[in-house]
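Chain residues, written in single-letter form:
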Amino acid sequence: MYELAFTMRERVTGGAVVMELVGEIDILAEQTLGPRMEGVASRCRGELVLDLRAVTFLDASGVRLLLRVRARAARCGARLRVVRGGAMVSKVVRIAGVEAAFVWLEEFPPTVVGSVPA
C-alpha cells in the first residue's frame, strides 16, 4: 500500500487557526490538500497561520497551493501569516518570487518581547 509523503494538521492555538504542513508539498499534495486547506481558509475570519517548519520538500505546485490559500484567506477576511520552513523551502519561495506576498513569522507562537516565563 502506498503511503502519502505529506500530511496536514489543523488546530487552534492562541486564538489562531493553524494549518501545519508536514512532508513533501508537491503536485499530489496540492491536489489532495488544496480543497481542505481552502475550506479552512474560507471558514476562518480571524488569524490564520500556515506552519511550514515540518515541510521537507516544496516545488512549484506547493508554491501555487500557498498562493491559493492566501487568495482564499484574503477573500474571506482572514489574516494569513506563514511560519518559515527550512532553508530549502525558503529558497524555493524566494526563487519563485513570492516571498513578498506573505507575512512571515520566524516561529510560532511568536514570543512576546519582555514576557517572563511562568
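Not measured: the values here are computed from a predicted model.

Enquirer: I tried to follow the side chain of Ser90 on my own but got confused; where do I start?
Expert: Tracing the backbone shows Ser90 in helix α3 (residues 87–96). Residues contacting Ser90, with those up to four places away along its chain left out, are Arg84 and Gly85.

Enquirer: Mind showing me how you'd approach the state of the cysteines here?
Expert: Here, disulfide denotes a covalent bond that connects the sulfur atoms of two cysteines. For the coordinates displayed, the defined rule picks out zero disulfides. Of the cysteine sulfurs around Cys44, a residue in no disulfide, the closest is that of Cys76, at 9.3 Å.

Enquirer: Is there a simple way to think about a nonpolar patch on the surface in this case?
Expert: Nonpolar side chains collect at one region of the surface, where Leu4, Ile27 and Leu28 lie side by side and expose about 240 Å² of accessible area between them. For Leu4, the location among the structural elements is in the segment before β1 (6–13).

Enquirer: I'm lost on the sheet that holds β1 in this one. Help?
Expert: Adjacent strands of a sheet pair through backbone hydrogen bonds, lying either parallel or antiparallel. An order of β1-β2-β3-β4-β5 is seen for the five strands of this open sheet, with the pairing classed as mixed. Here the strands that pair on one side only, and so sit at the sheet edges, are β1 and β5 (104–105). Relative to the sheet, helix α1 (residues 27–43) contacts β1, β2 (16–25) and β3 (47–58), its axis offset from that of β1 by approximately 15°. The sheet contacts of helix α2 (residues 60–76) involve β2, β3 and β4 (79–83), and relative to β3 the element is tilted by about 175°.

Reading guide: rules and limits
Residues numbered from 1 in each chain as written. Predicted model: local features only at pLDDT ≥ 70, side-chain atom pairs only at ≥ 80, totals over all residues. Heavy atoms only, no water. Helix = DSSP H or I, 4+ residues; strand = E, 2+ residues; numbered from the N terminus. Contact = heavy atoms within 4.5 Å. Disulfide = S-S within 2.5 Å. Patch = residues over 30% accessible without salt bridge, like charges linked within 9 Å, V, L, I, M, F, W, Y side chains within 5 Å. Areas by Shrake-Rupley, 256 points an atom, 1.4 Å probe, with all protein chains shown as cover. Salt bridge = Lys/Arg side-chain N within 4 Å of Asp/Glu carboxyl O. Pairing = 2+ DSSP bridges. Axes fitted to C-alpha atoms, helices over the stretch in contact; angles between N-to-C directions.

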